[in-house]
Every structure is written in structure tokens, then in C-alpha cells.
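Per-entry structural report
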Amino acid sequence: MRAATVLFRRYGFRKTSVDLIAREAEVAKPTLYAHFADKEAIFVAVCQHVMDGILAAAAAASAQPRVVDRIAAILAAKFTTIFEIVHASAHARELLESQAAQARDVVARADAAYTKLLSDALRAAARAGELTLEPTPAQLGKLSQLLMQAGHGAAYGATTAAEHRAHLDALVAALLASLLPTGKRASR
């Protein structure tokens, strides 16, 4: 996975060959074919690996003690990671556009799991009194949508992952500020 990820980012999908992946991974080409049918299958596995990492990081972020930090970390697990991957590759557009249908399915399933994780975190925060929000599906849906849009928008003007994360932290703090109980607004 490491070798294929590095090569797809460096050369794009079209210019990365199974031969090149085998060389980078220091394995024989037949060894790759014993595990993967073709380059597309390797790409799908890389997508699954990346999405699994995002979901694991988002789940770990759910343990943050303060609600604003927790929600920002959950969003960063996805959006800052994707920013890093896309920003680091001159071939990002090609990789995003050349996703096989199977890779799109992997991403769609992971996105659904991620959205549920974010909604569950917001619901738990509302029920715990960390947010003054009714934990109804409509209220949670609106807030989740705004937070996802903030995650996408955090890339605006960012040139590094650290800048992206700082933008994301500021956006989440602003979005949640009016939802914090009165005594916790200044301290988060």
C-alpha cells in the first residue's frame, strides 16, 4: 500500500504501472498479481487504505475532551488528510477523476460512515449538554452539513496542512460558538 500510494501520488494513475509498483515495493510482479487482479484493484485497495485511516483517525478524535476540539479533530481527520494528499500531488485531479467505479464505491461507503460518526458525535455532545442543540435529525443534519461545508472551505487560501487545520479550527469554533452553554463559551 505504501509503495502504490507513493507512486500514484508521484506519477498519477496513468503513468504508474504494476511493474513500477512491484519495483518500489521490492516484490516480484507475480507476487502483486497473487493479491491484485490489476492496477485498478491496487488503486481500489489504496483508496480503501486511505479511507480506513481517515475513519480510524476520526474515531480516535472522538475522545477529545472539549467539544470544539473534538469536532475540529473529527473534521481534520478527513479534510486535512485529503488536503495533504491532494496538495502534495501534481496528479491529484487525475487521481480523483480516474477513480474506477469500485473506488468510488469505497469512498461513498467511507463517506457515509464518516458522516454517521460526525452526527453521532454531535448527538452525544447535545445529549451531554456540551452543545445547546436539540438532538433531532433535522437540527443535527443542518449542523453536520454546515460543518462538512466548513471542512471543504478550510482549503481556501491554505498552502500547508497546518494552515488548513488552523482554518478548520477557526471555522468550527465560529460555527459552534453560539451553541456552547453560556459558561463554556470563552473556554470552549
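Note: the structure precedes this text.
What comes next concerns the included structure. Not measured: the values here are computed from a predicted model. (Residues numbered from 1 in each chain as written. Predicted model: local features only at pLDDT ≥ 70, side-chain atom pairs only at ≥ 80, totals over all residues. Heavy atoms only, no water.)

1. Side note on the overall build of the protein chain
A tally of regular secondary structure across the protein chain gives nine helices and zero strands. For the protein chain, the sequential pattern of α-helices and β-strands runs α-α-α-α-α-α-α-α-α. If one aligns the C-alpha atoms of the protein chain with their principal axes, the spans along those axes are about 60 × 30 × 25 Å. Within the protein chain, the fraction of its 188 residues that count as buried is 39%. Carbon and sulfur atoms make up 57% of the accessible area of the protein chain, which totals about 10000 Å². Taking the average place of the 22 positive charges on the side chains of the protein chain and the average place of its 17 negative ones, the gap between the two points comes to 4 Å. (Helix = DSSP H or I, 4+ residues; strand = E, 2+ residues; numbered from the N terminus. Buried < 20%, exposed > 50% of the residue type's maximum accessible area, 1.4 Å probe, protein only. Areas by Shrake-Rupley, 256 points an atom, 1.4 Å probe, with all protein chains shown as cover. Lys, Arg positive; Asp, Glu negative; His and termini not counted. Charge placed at Lys NZ, Arg CZ, Asp CG, Glu CD.)

2. A look at the nonpolar core
Core analysis: the biggest nonpolar cluster contains 52 residues, and F8, I42, I71, I74, L75, L131 and V172 have the highest contact counts within it. Listing elements by their share of this core, those giving two or more residues are helix 1 (2–15), helix 2 (18–25), helix 4 (39–61), helix 5 (67–87), helix 7 (101–127), helix 8 (137–153) and helix 9 (161–177). Ignoring any residue separated from it by four or fewer positions in sequence, one finds F8 in contact with F13, T16, I21, K39, I42, F43, V46, S89, H91 and L95. (Core = buried A, V, L, I, M, F, W, Y, C linked by side-chain atoms within 4.5 Å. Contact = heavy atoms within 4.5 Å.)

3. Quick word on the packing of helix 5 against helix 8
Two elements in contact, helix 5 and helix 8, have axes whose closest approach is 10 Å; the angle formed by their N-to-C orientations is 50°. Taken together, the axes of helix 5 and helix 8 lie oblique to each other. In this structure, helix 5 meets helix 8 at a crossing whose hand is right-handed. For the pair helix 5 and helix 8, the contacting residues are I71, L75, K78 and F79 in the first and L147, M148, G151 and H152 in the second. Here the residues of the contact of helix 5 with helix 8 sort into five nonpolar, two polar and one charged. (Axes fitted to C-alpha atoms, helices over the stretch in contact; angles between N-to-C directions. Parallel < 35°, antiparallel > 145°, perpendicular 65-115°, else oblique. Left-handed = near helix turned anticlockwise from the far one by under 90°. Nonpolar A, V, L, I, M, F, W, Y, C, P; charged D, E, K, R; others polar.)

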